[in-house]
Amino acid sequence: MTEISLMRVEDVEAVYAIEKACFPIPWSRESFLREVTENRCARYLVLREDGACVAYAGMWFVLDEAHVCNVAVRPDSRGLGYGKRIFTALIDLAMENSMAMITLEVRRSNTIAQNLYHACGMLDVGYRKRYYEDNKEDALIMYRDFVYPEAGENEA
């Protein structure tokens, strides 16, 4: 059974294990703990399959913008649709919290992630030169604007 929920302190070890397996310069265990316990702007989700954490995603709410910090799927669980499910849940959470837009950066070489984000309505809007610390790779900036149904109701 698949379940998506807000990340809790108890999830930090599993999330940290996924982070280490997925990224050349992973966030620290302490960083994730602070995100869950101290950062009032942070919203993180975990996806569990049969009770085991197989994916996570996080973002920060800054004014009316949701900025995606992390999206990762455990390497042995890729190709099963978990990335799309967790990212879609992240978008839904942003919309439920009245964010006007969602943005993220992704490695220019990571076409698998870019394809996922495009499938979820994200658009390419620019680049950040030499963004990634490990190899100075450029980041593609992606963006999605949310349209609220009530926005058009009051227009003439």
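You'll find the structure just up there.
Now for a description of the structure that goes with this document. (Residues numbered from 1 in each chain as written. Predicted model: local features only at pLDDT ≥ 70, side-chain atom pairs only at ≥ 80, totals over all residues. Heavy atoms only, no water.)

## Considerations on the sheet that holds strand 1 (residues 2-6)
Right, on to step 1. A sheet is described by the order of its strands in space; here 7 strands give the open sequence 1-2-3-4-5-7-6, paired in mixed fashion. Edge positions in the sheet fall to strand 1 and strand 6 (123-128), since each has one partner strand and no second. When strand polarity is set aside, the average angle formed by the axes of neighbouring strands in this sheet is 25°.
Right, on to step 2. Bridge analysis of strand 5 (residues 101-107) against strand 7 (residues 139-145) gives 7 bridges, and the strand direction is antiparallel. In the strand pairing of strand 7, R107 is matched with A139.
Right, on to step 3. Contacts from helix 3 (residues 82-96) reach strand 1, strand 2 (42-49), strand 3 (52-62), strand 4 (65-73), strand 5 and strand 7 within the one sheet, and its direction differs from that of strand 3 by about 30°. (Pairing = 2+ DSSP bridges. Helix = DSSP H or I, 4+ residues; strand = E, 2+ residues; numbered from the N terminus. Axes fitted to C-alpha atoms, helices over the stretch in contact; angles between N-to-C directions. Contact = heavy atoms within 4.5 Å.)

## With respect to the environment of I141
Right, on to step 1. In this structure, I141 sits in strand 7.
Right, on to step 2. Residue classification places I141 among the buried residues on the basis of a relative accessible area of 16%.
Right, on to step 3. In this structure the C-alpha to C-alpha distance between I141 and L123, which are 18 residues apart in sequence, comes to 8.4 Å.
Right, on to step 4. In contact with I141, not counting residues within four places along its chain, are L104, E105, L123, D124, V125, G126, Y127 and R128. (Buried < 20%, exposed > 50% of the residue type's maximum accessible area, 1.4 Å probe, protein only.)

## Concerning the nonpolar core
Right, on to step 1. Residues M59, F87, I102, L104 and Y117 are the most contacted members of the largest nonpolar core, which totals 31 residues.
Right, on to step 2. Elements with a minimum of two residues in this core: strand 2, strand 3, strand 4, helix 3, strand 5, helix 4 (111-119) and strand 7.
Right, on to step 3. The leading source of residues in this core is helix 3, at 8 residues.
Right, on to step 4. The contact partners of M59, leaving out residues within four places of it in the chain, are C41, A42, R43, Y44, A66, H67, V68, C69, L90, L93, A94 and I102.
Right, on to step 5. Ranked by size, the runner-up nonpolar core spans 12 residues in total, among them M7, V12, Y44 and V46. (Core = buried A, V, L, I, M, F, W, Y, C linked by side-chain atoms within 4.5 Å.)

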